[in-house]
Amino acid sequence: MLEEARARMPHKGPMQLIKTITKMDEGSIHAEPTDHMNPDFPLRLDGMLYTSALVELGAQAAAAHASIHGVGGAHAGLVLAVSNVVLHTQEAPEAPLQVQAQRVAGMDQSARYTFQVSTRGEPLAEGELLLSMQERPE
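Residues numbered from 1 in each chain as written. Predicted model: local features only at pLDDT ≥ 70, side-chain atom pairs only at ≥ 80, totals over all residues. Heavy atoms only, no water.

K.L.:
Go over the overall build of the protein chain with me, naming the residues and quoting the values.
P.N.:
In terms of helices and strands, the protein chain carries two helices and six strands. In the protein chain, the succession of helices and strands from N to C terminus is α-β-β-α-β-β-β-β. When the accessible surface of the protein chain is totalled, it reaches about 7,100 Å², and 50% of it is carbon and sulfur. (Helix = DSSP H or I, 4+ residues; strand = E, 2+ residues; numbered from the N terminus. Areas by Shrake-Rupley, 256 points an atom, 1.4 Å probe, with all protein chains shown as cover.)

K.L.:
Tell me about the nonpolar core, and please be specific about residues and values.
P.N.:
Within the largest apolar cluster, 29 residues are counted, with the highest numbers of intra-cluster contacts made by L54, L57, A101, Y113, V117 and L131. Counting only elements with at least two residues in this core, the list comes to β2 (28-33), α2 (55-68), β4 (98-107), β5 (110-119) and β6 (122-134). Discounting residues that sit within four places of it in the chain, V117 has contacts with L54, L57, G58, L97, Q98, V99, E122, P123, L124 and A125. (Core = buried A, V, L, I, M, F, W, Y, C linked by side-chain atoms within 4.5 Å. Buried < 20%, exposed > 50% of the residue type's maximum accessible area, 1.4 Å probe, protein only. Contact = heavy atoms within 4.5 Å.)

K.L.:
Report on a nonpolar patch on the surface, specifying residues and quantitative values.
P.N.:
Nonpolar side chains collect at one region of the surface, where V79, V82, V85 and L87 lie side by side and expose about 280 Å² of accessible area between them. Among the secondary structure elements, V85 is positioned in strand β3 (residues 76-87). Look at V85 and you get partly exposed, because its relative accessible area is 36%. (Patch = residues over 30% accessible without salt bridge, like charges linked within 9 Å, V, L, I, M, F, W, Y side chains within 5 Å. Salt bridge = Lys/Arg side-chain N within 4 Å of Asp/Glu carboxyl O.)

K.L.:
I'd like to hear about α2, residue by residue, with values.
P.N.:
With 14 residues, α2 should reach 20 Å at 1.5 Å per residue; the first-to-last C-alpha distance of 20 Å fits that figure. Within α2, 13 of the 14 residues are buried, leaving the element largely enclosed by the surrounding structure. (Expected span 1.5 Å × (residues − 1).)

K.L.:
Would you mind going over unusual backbone geometry in detail, with residue names and values included?
P.N.:
Leave glycine aside and you will find that most residues have negative phi; peptide bonds, for their part, are mostly trans. The backbone of N84 shows a phi angle near 50°, a positive value even though the residue is not glycine. Residue placement: N84 occurs in strand β3. By relative accessible area, N84 is classed as exposed at 56%. A positive phi angle, close to 50°, is found at R120, a residue other than glycine. In this structure, R120 sits in the loop between β5 and β6. Residue R120 is classed as exposed on the basis of its relative accessible area, which comes to 67%.

K.L.:
Quick rundown of the pattern of salt bridges? Include the residues and the values.
P.N.:
Across all of its chains, the model carries two salt bridges by this definition. Among the salt bridges present, the one from E94 reaches R44, with a minimum N-O distance of 3.1 Å. A residue pair is termed long-range when its members are at least 10 positions apart, and E94 in the loop between β3 and β4 and R44 in the loop between β2 and α2 qualify at 50 residues. Since its relative accessible area comes to 15%, R44 is described here as buried. Its salt-bridge partner being R112, residue E128 comes within 3.8 Å of it at the nearest N-O pair. Here E128, found in strand β6, pairs with R112, found in strand β5; they are 16 residues apart in sequence, far enough to count as distant. Judged by its relative accessible area of 23%, E128 falls in the partly exposed class. Exposure remark for R112: the relative accessible area of 37% places this residue in the partly exposed category.

Structure below.
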């Protein structure tokens, strides 16, 4: 299921950042990203992982969920807007991350999600995303 969604995502190789889905239903997804503590993690800037970069994790989790559930029959997502972002700290800690996204609205070929990236139950970054879902040949 995740592998099919990953194959449809525009990001390839090390920029595919969702490693595991730990829980999912019709309205939400809980996932774990690839190892952000690795010095080669692609969102690091001069060795630092700023929480502003964690928005990408929320976007990829939301896109995976929308793709798996075929919002509007489409499977490839494009982020149209990011809003109401709250960063609870400047840097991501060297501890495992959890990502969750919840669909709050889904229309023809778009979907709105809220997301949160946390560690040990403490939020690091959260906000809202608007995705445009497009058909893409399998």
